[in-house]
Amino acid sequence: MAQVELRGVTKVYGATAAVQDVHLEARDGEFLTILGPSGCGKTTTLRIIAGLLDPDGGEVLLDGRPVHHLPAHRRETAMVFQSYALFPHMTVEENVAFGLRMRRVPEEERRVRVEEALRMVELSGLGGRYPRALSGGQQQRVAVARAVVTRPKVLLFDEPLSNLDAKLRERLRLELRALQQRLRVTTIYVTHDQAEALVLSDRIVVMHRGRVVEVGTPQDVYRRPRARVTAEFLGVANLIPATVAGGEGARYVADTAIGRLEVACADRLAQGDAVTLSFRPEDIRIGPGPVNCLSGAVQQAAYLGSITDYVIRVNDVLLRVQEPGEPARGVGETVSLVLPAAPAVIREP
Ligand SMILES: Nc1ncnc2c1ncn2[C@@H]1O[C@H](COP(=O)(O)OP(=O)(O)OP(=O)(O)O)[C@@H](O)[C@H]1O
Ligand SMILES: [Mg+2]
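Cut-off values and rules
Per chain, the residues get numbers from 1 upward, laid out in the order the sequence is written. Each chain is given a letter, starting from A, and each ligand a number, starting from 1, according to the order in which they appear as written. Two thresholds apply to this predicted model, a pLDDT of at least 70 for residue-level local features and 80 or more for giving and counting side-chain atom pairs, whereas whole-chain, interface and lining totals are computed over all residues. Calculation of side-chain values draws on the structure's entire complement of heavy atoms; hydrogens and water are dropped beforehand. All axes are obtained by fitting lines to C-alpha atoms, using only the stretch in contact for helices, and the reported angles, taken between N-to-C directions, cover 0 to 180 degrees. A helix here means a DSSP run of H or I that spans at least four residues, while a strand means a run of E at least two residues long, and both kinds are numbered starting from the N terminus. By definition in this entry, angles of less than 35 degrees are roughly parallel, angles greater than 145 are roughly antiparallel, angles of 65 to 115 are roughly perpendicular, and the rest are oblique. By definition, turning the near helix anticlockwise from the far helix through less than a right angle yields a left-handed crossing, and turning it clockwise yields a right-handed one. The contact criterion used is simple: two residues touch if any of their non-hydrogen atoms lie within 4.5 Å. Gly falls in the polar group here, along with every residue not listed as nonpolar (Ala, Val, Leu, Ile, Met, Phe, Trp, Tyr, Cys, Pro) or charged (Asp, Glu, Lys, Arg). Here, any two strands with at least 2 DSSP bridges between them count as paired. Residues are labelled near a given molecule or strand when at least one of their non-hydrogen atoms is within 4 Å of it. Definition of a polar contact: a pair of N or O atoms within 3.5 Å, with one able to donate and the other able to accept a hydrogen when the atoms are protein atoms, and with sequence-neighbouring residues admitted only if both atoms are side-chain atoms. Note on areas: Shrake-Rupley with a 1.4 Å probe; residue coverage comes only from the protein chains shown. Bear in mind that the domain bounds are from an automatic or database domain assignment. Two parts placed together each lose some accessible area; with a 1.4 Å probe, that loss summed over both constitutes the buried area. In what follows, salt bridge is the name for a side-chain nitrogen of Lys or Arg lying within 4 Å of a carboxyl oxygen of Asp or Glu.

J.: Could you clarify how one ought to interpret the packing of helix α2 (residues 92-102) against helix α3 (residues 107-120) in this entry?
T.: Geometrically, a packed helix pair is captured by the angle between its two axes and the distance between the axes. Where α2 contacts α3, the two axes come as close as 10 Å, and the packing angle between them is 125°. Classified by the angle their axes make, α2 and α3 are oblique. In this structure, the crossing between α2 and α3 has a hand that is right-handed. Within the contact between the two elements, α2 uses Val-92, Glu-93, Val-96, Ala-97, Leu-100 and Arg-101 and α3 uses Arg-110, Arg-113, Val-114, Ala-117 and Leu-118. Of the residues that constitute the contact of α2 with α3, the class distribution is seven nonpolar, no polar and four charged.

Okay, here's the thing in C-alpha cells:
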C-alpha cells in the first residue's frame, strides 16, 4: 500500500512561483503522469515528493502521513533521472547494488536481488560492464534496475526517455509500463511528451505555469479536455471560439467564424455563453453530410504514411483534418467537410 498526496504545495524562486498551490494524489499502484510544457514545474514537484527539495508551503503525505521531516533516503521513494546519473567508476552490478549496500543488505541477498533486477530490465550478463561501455538505452535500464532493486513504495521518473531516439523511446515506454504493472508499484512519471503520457498512464495531471490545470484518464484529457491548454498541449486540436445561440437539454446551436454549428453537450449551456469548441483532426470527415457540413479549400496536403494531414481553409479559419491513407484531394480543390456534432466544449472563450 502506497499512496502519495500533495496538499497545496508551493515553491517560490525569487519573484516566480515554480509550483503554486498544487494538489494531487497518486493512488496505490497507480501510474500517474505529470504532463506539461517546459518550465511548468514538473521537476520541482517531483523533487519535492522525493525529499530532494523543501516546499515553501503545503504538505506531502505518504500513506496519509506527512513526510516533511523525512530526508530523501527515508521516504521509500526511488527516482530515475533524465541524465541516468549512474556512477561512472562503478560497474553495472555495483551501480545497482549501491542502494542495497547503503541499507546494509547482506552480500548474498544483495547478489540475488541485483541479478533479479538486471533480469527484469533485460540486462542479465552485462553486470560487469562500466556505464561508458553501454548504449543510452542500456544505461537508462541500469538506472531503472537501480531504482526498483530497493523495492521502493513509490517510483519517481523525471523524463527518463527523452535522451533516447524515437524507436527506442517507444519500446522502452512499453517495457516500463509492463514492469510497473508487474511490480504494481505506485509511480509518478514526469514528461512533456504527450504520446508517452497517453500510453503509460492510468491518469494524467496536466500542469501549466506551476499549477495543476486538470486531472483525468488519457481518454478524459484527450477526448474531453476541460481546459484550453489541455486541448492545445495534447495532440492537434482545432479550437473554435463559439457563442451559444440557443438550444436546450443536451442539444445546442453555436455561432462561430466557420458558421452556425450544432453542438451536443451534456453540460448545461446558456444562450450567450462564450465557449471554445475543440475538434480533433481525425474526427472531421471530408465529404458531404446532413449536419455541420461546411465548404472549404485545400491549402496543404501532407502525406505521413499512415495518414494524410490536410490544412483546409473555411472562411478565414484554417482547419487541420486527417484521413487514413494517401492524399485523395489536391491543393486548391474545394471540398465539403463534416464536423462532428459532439466536440469537446471548453468553458473558456
Ligand atoms: N533552482 C532554481 N532557481 C530559480 N528558478 C528555478 C530553479 N529551479 C527551477 N526554477 C524555475 O522554476 C520553474 C519550473 O522549473 P521546473 O524545472 O520544475 O520545470 P519543468 O516543468 O521540469 O521543465 P522541463 O520540462 O524543462 O524540465 C521554471 O521557470 C524554472 O526556471
Ligand atoms: Mg524538468
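J.: Mind showing me how you'd approach the packing of α2 against helix α4 (residues 136-148) here?
T.: Closest axis-to-axis distance for the α2/α4 pair is 7 Å, and the angle between their directions is 30°. Taken together, the axes of α2 and α4 are roughly parallel relative to one another. Between α2 and α4 lies a crossing whose hand is right-handed. Between α2 and α4, the contacting residues are Val-92, Asn-95 and Val-96 on the first element and Val-142, Ala-145 and Arg-146 on the second. Among the residues forming the contact of α2 with α4, the class breakdown is four nonpolar, one polar and one charged.

J.: For this particular structure, what's the right way to read the pairing of strand β19 (residues 334-338)?
T.: Working note: regular strand, side chains alternate between the two faces of the sheet. Looking at chain direction, strand β15 (residues 285-286) and β19 are connected through two bridges and run antiparallel. Considered in β19, the bridge of Ile-286 is made with Leu-337. Examined bridge by bridge, strand β16 (residues 293-303) and β19 share five bridges and lie antiparallel to one another. Bridge pairing in β19 links Ala-297 to Thr-334.

J.: Whenever I open this one, the site of ligand 1 confuses me. Can you help?
T.: With respect to spatial proximity, the complete set of residues near ligand 1 consists of Tyr-13, Ala-18, Pro-37, Ser-38, Gly-39, Cys-40, Gly-41, Lys-42, Thr-43, Thr-44 and Glu-159. Between ligand 1 and Lys-42 there is a distance of 2.8 Å, counted from an oxygen atom to a side-chain nitrogen or oxygen. Thr-43 places a side-chain nitrogen or oxygen 2.8 Å from an oxygen atom of ligand 1. Expressed as a share of its isolated accessible area of 640 Å², the protein-covered part of ligand 1 is 56%.

J.: How should the domain arrangement of the protein chain be read in this particular structure?
T.: Frequently, the measure chosen for interface size is the accessible area removed from exposure when the parts meet. In terms of domains, the protein chain is made up of domain 1 (4-232) and domain 2 (236-346). Look at where the C-alpha atoms of domain 1 and domain 2 centre, and you get two points 38 Å apart. On the domain 2 side, the residues contacting the 10 residues of domain 1 number 10 residues. Carbon and sulfur atoms supply 45% of the area buried between domain 1 and domain 2, which totals about 860 Å² over both sides. Put simply, domain 1 and domain 2 have two salt bridges between them. With its nearest N and O atoms 3.7 Å apart, the salt bridge here joins Arg-226 to Asp-267. If you list the elements that add at least two residues to the side of domain 1 that touches domain 2, you get α7 (218-223) and α8 (228-233). Of the residues that constitute the side of domain 1 that touches domain 2, the class distribution is five nonpolar, no polar and five charged.

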